[in-house]
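The residues making up each chain are set out below.
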Amino acid sequence: MTEPPTPRAEDRSVLERTGPDPARTVPYGPAAHQVYEVHEPSGSPRAWVVLIHGGFWRAEWDRTHLRPLAGALTRDGYAVALVEYARPGLPGGGWPGTGEDVAAAVAAVLREEADGSDAAERAGSGDTAPVVLAGHSAGGHLAVWLLHRPEGRGVRGAVSLAGCLDLRLVHELGLGDGAALNLMGQHPEEEPDGWAAADPARLGRTPYPVVVLHGDEDERVPETVSQSWWEQAATPGRDRLVLLPGAGHFQLIDPEAAAYAALLDGVEDLLSRP
């Protein structure tokens, strides 16, 4: 009998790196975790990127592990808002509180940062700077879900980095030791409407374009999760699904990995849309 191949240990070094401190930290609510960090480039930014971190929606993973990525994006000319939000285990965490926090944070960025900013003047876009959402893993779920919400009105679209875009499939596969169930609090059979309202794959086509990036060697969130969303909810000819050969889960947030170029391409693709 042939033994199955041993899973390759993924490079997690990006999780141990320290990134730059933010220029400022802005509250969008009264709780300690209801903040977003602002990372600013040296010159006038060409656009805002709202970064939403992953960690299977669990409290032990916060925004700090995306600071290296935020630093790289500012180096390349973008202003970055790195969002923190309630996760199960924190006050207000779980559904719908987790989603409501992210929606409130994005609304605050659009109102406080993008309106009338230097990026708006540089882009020639009137009073509001262009804003792109980018989320990794659980953050990818939240970014694409947000496109269906009124708080996301006016963004250019979302880049999903190994996103948990089919929430029901994440549950069925048992990913993250039951992370989807931990987020939702009840099984989908017990609360079908609540699950459907939280699941990008069940919400249908988004009003704004989506670029989906996923590594074909991702063992934490397999590429089938993004492909399932694509089959159920993508808008053909507008949205993009890009499978990155040889990339695992954490390479998609590693600015030293080849996948970083795909993120930049995705952001620029969304910014180039009319």
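Numbering of residues starts from 1 in every chain and runs along the sequence as written. Per-residue local features of the predicted model are confined to residues with pLDDT of at least 70, and side-chain atom pairs are confined, for both listing and counting, to 80 or more; whole-chain, interface and lining totals are unaffected and use all residues. With hydrogens and water set aside, each side-chain value is computed from the structure's full complement of heavy atoms.

**Points about helix 9 (residues 223-233)**
Okay, step 1: For helix 9, every residue scored as buried is listed here: Val225, Ser226, Ser228, Trp229 and Ala233. End-on view of helix 9: buried residues confined to an arc of 155°, all on one side of the axis.
Okay, step 2: Contact between two residues is taken to exist if any of their heavy atoms lie within 4.5 Å; hydrogens are not considered. Helix and strand labels come from DSSP, where a helix needs a run of H or I of at least four residues and a strand needs a run of E of at least two; each type is numbered from the N terminus. Here the buried face of helix 9 lies against helix 4 (138-146), helix 5 (167-172), helix 6 (175-184), helix 8 (200-203), strand 7 (210-215) and strand 8 (240-244). Relative accessibility thresholds used throughout: buried, under 20% of the residue-type maximum; exposed, over 50%; partly exposed, between the two (1.4 Å probe, protein chains only). Working note: the arc is built from the helix axis to C-beta atom directions.

**Overview of the packing of aromatic side chains**
Okay, step 1: Aromatic pairing here means that ring centres of Phe, Tyr or Trp (its six-membered ring) are within 6.5 Å. Orientation follows from the plane angle: under 30 degrees is stacked, over 60 is edge-to-face, and everything else is tilted. In total, this model carries 3 aromatic pairs according to the counting rule given.
Okay, step 2: Considering the side-chain rings of Trp95 and Trp145, the 5.0 Å spacing of their centres and the 80° angle between planes classify their relative orientation as edge-to-face. Highlighted residues: Trp95 in the loop between strand 4 (79-83) and helix 2 (97-114) and Trp145 in helix 4, separated in sequence by 50 residues.
Okay, step 3: When its relative accessible area of 18% is taken as the criterion, Trp95 is described as buried.
Okay, step 4: Here the aromatic rings of Trp229 and Trp230 are separated by 6.4 Å at their centres, their planes lie at 55°, and the arrangement is tilted.
Okay, step 5: Judged by its relative accessible area of 27%, Trp230 is partly exposed.

**With respect to the side chain of His214**
Okay, step 1: Looking at where His214 falls in the secondary structure, it is placed in strand 7.
Okay, step 2: A polar atom in the side chain of His214 sits 2.6 Å from the side chain of Ser226.
Okay, step 3: In this structure, His214 is in contact with Ala162, Gly163, Val221, Pro222, Glu223, Ser226, Val242, Leu243, Leu244 and Leu252, ignoring residues within four places of it in sequence. Under the rule applied, a polar contact is a pair of N or O atoms within 3.5 Å (in protein, one hydrogen donor and one hydrogen acceptor; residues adjacent in sequence only if both atoms are side-chain atoms).

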